[in-house]
Amino acid sequence: MGFFNFGKKREEKHREEERRREEEARRAEEKRRQEEEQRQQAEKDMQRREEERRREEARAAASKILKHEEEKPDLPQPEEKKAGLFSKLWQGLSKTRGNLAGRVDELIESSEKIDEDFYEDLVDILIMSDMGVRTSDKVIHELKRRVEEKKIVDARQAREILKTILKEMISKPRQPLKWPMVMLIVGVNGVGKTTTIGKLAMRFKDARHSVVLAAADTFRAAAADQLEIWANRAHVPIVRHAEGADPAAVVFDGVQKAKAAEADLLLVDTAGRLHNKKNLMEELRKISRVITREYQEADVRTLLVIDATTGQNGLQQAREFSEVADVSGIILTKLDGTAKGGIAVAIMDELKLPVLYIGVGEGIEDLQAFDANAFVDAIF
C-alpha cells in the first residue's frame, strides 16, 4: 500500500512539473509575442515618423521655391526677359566658368606659342570640367586640325576656335512639340525629378498650354505630396493613388484625365529606384504599354533628369537608362552647384542625346530651355 501511494505521489508530482513547464513555456511564448508586437509597432512608428519627416522636407523644399517666385517683381518685357534669362544663365554657370574659362585664360596668358604642351594642358582643363577623356580628346583633335589649317599662332584665336567647336558639338536639333503630348520623366532619386516636373508644369501653363500631372512614383514617400504642391501652385489637375500603388494604374487614370480634359500635356513622374534594372525596365514597359494602348494620338517622349553635380556618374546613369528606356532627351539640373558643367558636352557627344533643359537655380525661370550658343558663351 505504501509503495502504491509513493508511485501515485510521484506521478502527480510529474504531472505538476509538466504543468509548470507548460505554463512557463506559455508565459515565455506570450512574452515573446508581446515583444514582437512591440518591436513591429516601434518599426511602424519609426517608419511613420520618417515618412512624415520626408513629407515635411518635400513640402518645405517646394514651398521655398514657390515663395521665391511669389516675391518676384512684375514680369519684365520680352527683351528684358531675354536679357534676364541670360543673366541667370551667366550667374548659374559661374562655377563652371571659373573652372573652365578661368584656367583656359591662364593657360593662354602663360603660353608663348601653340605647341604640344599647350594642347596637353588644355585637354587636362577640359577633362577637369568633366567633359571626359573621349570628348576632350575629340575637341583637341579638331582644334589642332583647324589651327594648323588656318596657320594660327595666337593662342587667343585658338580660344575662339575652341568655343566654335564646342557650340557645333552641342548644337543638336530639337524635335518640334506636337500636341497632345506625354512626357515621361525618369531619373534616379535625388536628382530633382519631381521639382523639375513642377517647373515644367508652370512653364507650359504660362505658355497657355493645358497640363495634367500623374504621380506615378508611388514608391518614394512624399513624392505625390510634393507634386501636389506644384499642381496646386500651377492650378493644374493631378492624378495620384496611395503609396505603393501600381504606377501603371496611375498612368492609366492620368491618360483618361488628360483625354477627358483635352489637355495638351500629360507630365508623368516615375519611380527613381526599383530593386534592379530588370524591375525598372519592366515598370517602364508597363507604363509605355498603357500609354500606347490608351493614348495612341499622343506624342510620347521620355526625358531623363540628371544631377550635374554627379559629373561622370551622371553620364553613367544616362547610359543605363538609355538601355532600359527610349530616352528622347536630357534635363540637366543643379548646374549652379558644380564647377564641372562640361558634363553637358560629354552627354551630348557620347550618347548623341540632346540636352533640352538645364537648371541653374531654385526659381521656376531657372529651368531654362537649353541653347548651345548661350551655354558656351556663359561658360567662356
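Below or above, wherever it landed, is the structure these notes cover. For clarity, every value in this text was computed on a predicted model and none was experimentally measured. (Residues numbered from 1 in each chain as written. Predicted model: local features only at pLDDT ≥ 70, side-chain atom pairs only at ≥ 80, totals over all residues. Heavy atoms only, no water.)

### Digging into the packing of aromatic side chains
In step 1: Evaluation of the coordinates by the stated rule reveals 3 aromatic pairs.
In step 2: Pairing Phe118 with Tyr119 gives two aromatic rings, centres 5.7 Å apart and planes at 70°, and the pair type is edge-to-face.
In step 3: Measuring from centroid to centroid gives 5.2 Å for Phe370 and Phe375, while their planes differ by 50°, and the two rings are tilted. The same class applies to Phe370 and to Phe375, which are both buried.
In step 4: Geometry around Tyr357 places Arg174 over its ring, the cationic atom sitting 5.7 Å from the centre. (Phe/Tyr/Trp six-rings, centres within 6.5 Å; stacked < 30°, edge-to-face > 60°. Buried < 20%, exposed > 50% of the residue type's maximum accessible area, 1.4 Å probe, protein only. Lys NZ or Arg CZ within 6 Å of the ring centre and 35° of its normal.)

### Things to note about unusual backbone geometry
Excluding glycine, residues mostly carry a negative phi; peptide bonds, for their part, are mostly trans.
In step 1: Omega for the bond connecting Trp179 with Pro180 falls within 30 degrees of zero, at -5°, which places this linkage in the cis form.
In step 2: By the secondary structure assignment, Pro180 is in the loop between α6 (155-170) and β1 (181-186).
In step 3: In this structure, Arg208 takes a positive phi of about 70° despite not being glycine.
In step 4: Relative to the helices and strands, Arg208 is located in the loop between α7 (193-206) and β2 (211-215).
In step 5: A positive phi angle is found at Lys334, which is not glycine, with a value near 60°.
In step 6: Along the chain, Lys334 falls in the loop between β6 (327-333) and α12 (343-351).
In step 7: With relative accessibility at 33%, the residue Lys334 sits in the partly exposed group. (Helix = DSSP H or I, 4+ residues; strand = E, 2+ residues; numbered from the N terminus.)

### Focus: a negative patch on the surface
In step 1: Where like charges cluster on the molecular surface, the negative patch consists of Asp117, Glu120, Asp121 and Asp124.
In step 2: Inspection of the secondary structure assignment puts Asp117 in helix α4 (residues 116-128). (Patch = residues over 30% accessible without salt bridge, like charges linked within 9 Å, V, L, I, M, F, W, Y side chains within 5 Å. Areas by Shrake-Rupley, 256 points an atom, 1.4 Å probe, with all protein chains shown as cover. Salt bridge = Lys/Arg side-chain N within 4 Å of Asp/Glu carboxyl O. Lys, Arg positive; Asp, Glu negative; His and termini not counted. Charge placed at Lys NZ, Arg CZ, Asp CG, Glu CD.)

### Comments concerning the nonpolar core
As a rule of thumb, soluble globular proteins bury nonpolar side chains together.
In step 1: Among the nonpolar cores identified, the biggest contains 61 residues, and Leu143, Leu332, Ile358, Phe375 and Phe380 are the most heavily contacted of them.
In step 2: At 8 residues, the largest contribution of residues to this core is made by α6.
In step 3: When neighbours within four sequence positions are excluded, Leu143 is seen to be in contact with Tyr119, Leu122, Ala158, Ile161, Leu162 and Ile165.
In step 4: Listed in part, the 27 residues of the second largest apolar core include Leu200, Phe204, Leu265 and Val305. (Core = buried A, V, L, I, M, F, W, Y, C linked by side-chain atoms within 4.5 Å. Contact = heavy atoms within 4.5 Å.)

### Thoughts on the side chain of Thr302
In step 1: When you line up the elements, Thr302 lands in strand β5 (residues 299-307).
In step 2: Residue Thr302 is classed as buried on the basis of its relative accessible area of 9%.
In step 3: In this structure Thr302 touches Leu184, Val186, Ala325, Asp326, Val327, Ser328 and Gly329, once residues within four positions along its chain are discounted.

### Some points on the sheet that holds strand β7 (residues 355-359)
In a beta sheet, neighbouring strands pair by backbone hydrogen bonds and run either parallel or antiparallel.
In step 1: Reading across the sheet, the 8 strands line up as β3-β2-β4-β1-β5-β6-β7-β8 and stay open at both edges, with mixed pairing between neighbours. The open sheet is flanked by β3 (238-239) and β8 (367-369), the only strands paired with a single partner.
In step 2: Of the strand pairs in this sheet, β7 and β8 are connected by 3 bridges, and their pairing is antiparallel. Bridge pairing links Ile358 to Gln368 in β8. (Pairing = 2+ DSSP bridges.)

### Observations concerning the pairing of strand β4 (residues 265-269)
The side chains of a regular strand alternate between the sheet's two faces.
In step 1: Most of β4 sits out of view: 5 of its 5 residues are buried.
In step 2: By the alternation rule, side chains of β4 split into Leu265, Leu267 and Asp269 and Leu266 and Val268, which are all buried.
In step 3: Bridge analysis of β1 against β4 gives 5 bridges, and the strand direction is parallel. Looking at the pairing, Met181 lines up with Leu265 of β4.
In step 4: Bridging between β2 and β4 involves 5 bridges; their strand directions are parallel. Bridge assignment links Val212 to a residue of β4, and that residue is Leu266.

From the geometry alone we can't say anything about function, so treat these as descriptive.
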